[in-house]
Amino acid sequence: MNFSVTDNHFFKETSLLKEEKKGIITHRSPSNIALIKYWGKHGVQLPNNPSLSFTLTNAFTETKLDYQTKNETESKSEISLEFWFENKKNEKFEQKIRKFLESLLPTQPYLGFVHLKIYSQNSFPHSAGIASSASSMAALALCLCDLEKRLLNTLQNTEEFYQKASYLARLGSGSAARSVYSNIPITTWGKTDVVKDSSDLWASPYTLPIHDIFQNYQDTILIVSAEEKSVSSRAGHALMETNPFAKTRYELAHSNLQKLAFALENGDTDTFIEVVENEAFVLHALMMCSSPPFILMETGTLTIIKKIQAFRRETNIPICFTLDAGANVHVLYPNKYKKECLDFIDKKLKPFCFEGKYLKDHVSNQ
Ligand code: 2P0
């Protein structure tokens, strides 16, 4: 399945050539934080293990796509693009998006029939060191699917629309596959026995039972470093190809996902914490035993982790952490302990944050 539209009869008719069409499409996509991590891929952006993430609420990207069909004399085999980020023309991002759209052209030829102007902005500061590729690629992919829908009358079926959006987002950035679903608390991507009809090609909403304790779960994102990472995720994924622990890691992801599904259903916060922290530690351990090795945690990351674990021991509050591919710490806790946890974060963890910065977020509600 490559969601190609080249054999679509609407496209064959090339009605696009005959009538001018223009319009504006807007989509907002949430950021997500993986609890079961995607780390290692093969083929064209296919994951080596299934992943599962919480969908966030306050961290999102909003993308506006302004399109107008080209006239008869203009080349349809080229991408016509302008890219604006946070109200400024951004050449670096434009180049990246152009490359992405060019890679889609053979299967999504309608992209060659339009002039595109893309305006994108994040709800969170760009300098916060938060990965924005997931939410931005997801918002762009949703815009592209809407564009196809408007131009070719395809993707009328909602499930197909979102599957294709997730498929396209994945091609832009793996974790973006999980960010096309707003208002869905949990998403999985990658073939797993735990989720019926799961696929490596696109992510899907997690529809298994979720205990009340995980409703409105809180995620406070502690900004430990706002600097660009020393090793990109792309390079990190590639190093899994020679990592001696790769096979064990992929097996562990499957069993951790199974355990996590049990914890989510039963409100078992002990198991939740065990799995979530294990996934974060394993992700960073894999980095440290890659060849060449690399470390993305900073001193503050470790200090914060130890303080969270000590606070949990002292209070019995089921607070825990997870890490992305970077130094920042996501502090996860049930909504009912929000006051105590925010107080702890503000008093004890804030001093270890870059410029005392942290972002309050929570899992998206259905
Ligand atoms: C994840 N991460 O599951 C994992 C956990 C970071 C840590 O996916 O090369 O930016 O664009 O597919 O999605 C970060 O990698 O990598 C990532 P590409 P991506 O969220």
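Residues numbered from 1 in each chain as written. Predicted model: local features only at pLDDT ≥ 70, side-chain atom pairs only at ≥ 80, totals over all residues. Heavy atoms only, no water.

### Quick notes on the side chain of Ser-120
Put simply, the rule is: The numbering of helices and of strands both runs from the N terminus, where a helix is a DSSP run of H or I of at least 4 residues and a strand a run of E of at least 2. The criterion used for residue contact is that any of the two residues' heavy atoms lie within 4.5 Å.
Tracing the sequence through the fold places Ser-120 in strand S7 (residues 114-122). Each residue touching Ser-120, except ones within four places of it in the same chain, is listed here: Thr-61, Glu-62, Thr-63, Phe-83, Trp-84, Phe-85 and Glu-86.

### Here we look at helix H8 (residues 269-288)
Since the α-helix packs 3.6 residues into each turn, any two residues three or four apart lie on the same face. Using the following cut-off: What a helix should span is 1.5 Å times the count of its residues minus one. Think of a polar contact as two N or O atoms within 3.5 Å of one another; within protein, one of them needs to be a possible hydrogen donor and the other a possible acceptor, and neighboring residues in sequence only count if both atoms come from side chains.
Taking 1.5 Å per residue as the helical rise, H8 with its 20 residues ought to reach 28 Å, and the 28 Å between its terminal C-alpha atoms agrees with that figure. Its side-chain oxygen 3.2 Å from the backbone nitrogen of Asp-270, Asp-268 forms the N-cap of H8.

### A few points about the pattern of salt bridges
Condition: Every case where a carboxyl oxygen of Asp or Glu lies within 4 Å of a side-chain nitrogen of Lys or Arg is listed as a salt bridge. Burial status follows relative accessibility: with a 1.4 Å probe on protein chains alone, a residue under 20% of its type maximum counts as buried, one over 50% as exposed, and anything between as partly exposed.
If you walk through the whole model with that rule in mind, you get twelve salt bridges. Notably, a salt bridge pairs Glu-62 with Arg-28, separated by 3.2 Å at the nearest N-O pair. A residue pair is termed long-range when its members are at least 10 positions apart, and Glu-62 in strand S4 (residues 51-69) and Arg-28 in strand S1 (residues 22-36) qualify at 34 residues. In this structure Arg-28 comes out as partly exposed when scored by relative accessible area, which is 46%. The closest approach of N and O atoms between Glu-94 and Lys-89, which form a salt bridge, is 3.4 Å. Judged by its relative accessible area of 8%, Glu-94 falls in the buried class. One network of salt bridges, with partners in common, ties together Lys-89, Glu-91, Glu-94 and Arg-98.

### Some points on the site of the ligand
Defined as follows: We call a residue near a molecule or strand as soon as one heavy atom of that residue lies within 4 Å of the molecule or strand. Note that accessible areas follow from Shrake-Rupley with a 1.4 Å probe, and for residues the cover is restricted to the protein chains shown. Amino acid classes used here: Ala, Val, Leu, Ile, Met, Phe, Trp, Tyr, Cys and Pro are nonpolar; Asp, Glu, Lys and Arg are charged; the rest, including Gly, are polar.
Taken together, 16 residues lie near the ligand, and Tyr-38, Ser-173, Gly-174, Ser-175 and Arg-178 sit nearest. In the model, an oxygen atom of the ligand is placed 2.8 Å from a nitrogen or oxygen of the Arg-178 side chain. Measuring from an oxygen atom of the ligand, one finds a side-chain N or O atom of His-237 at 3.2 Å. Isolated, the ligand exposes 460 Å² of accessible area, and the fraction of that covered by the protein chains is 92%. Per element, the largest residue contribution to the shell around the ligand is three residues, and it comes from helix H6 (residues 233-239). Grouping the amino acids of the shell around the ligand by side-chain chemistry returns four nonpolar, seven polar and five charged.

### Re the sheet that holds strand S13 (residues 358-362)
Paired through backbone hydrogen bonds, the strands of a sheet run either parallel or antiparallel to each other. As a reminder, the rule being used: When DSSP finds two or more bridges between two strands, those strands count as paired. Only the contacting stretch of a helix is used when fitting its axis, a line to C-alpha atoms as for every element, and angles between N-to-C directions run 0 to 180 degrees.
Spatial ordering of the open sheet is given by S11-S12-S10-S13, a layout of four strands whose pairing is antiparallel. Of all the strands in the sheet, just strand S11 (320-323) and S13 have a single pairing partner and so form its edges. Looking at each pair of strands side by side, their axes are set apart by 25° on average, direction ignored. The pairing of strand S10 (residues 218-222) with strand S12 (residues 329-333) spans five bridges and is antiparallel. Following the sheet pairing, Asp-219 is matched in S12 by Leu-332. Against the sheet, helix H9 (residues 299-315) engages S10, S11 and S12, with an angle of about 155° to S11.

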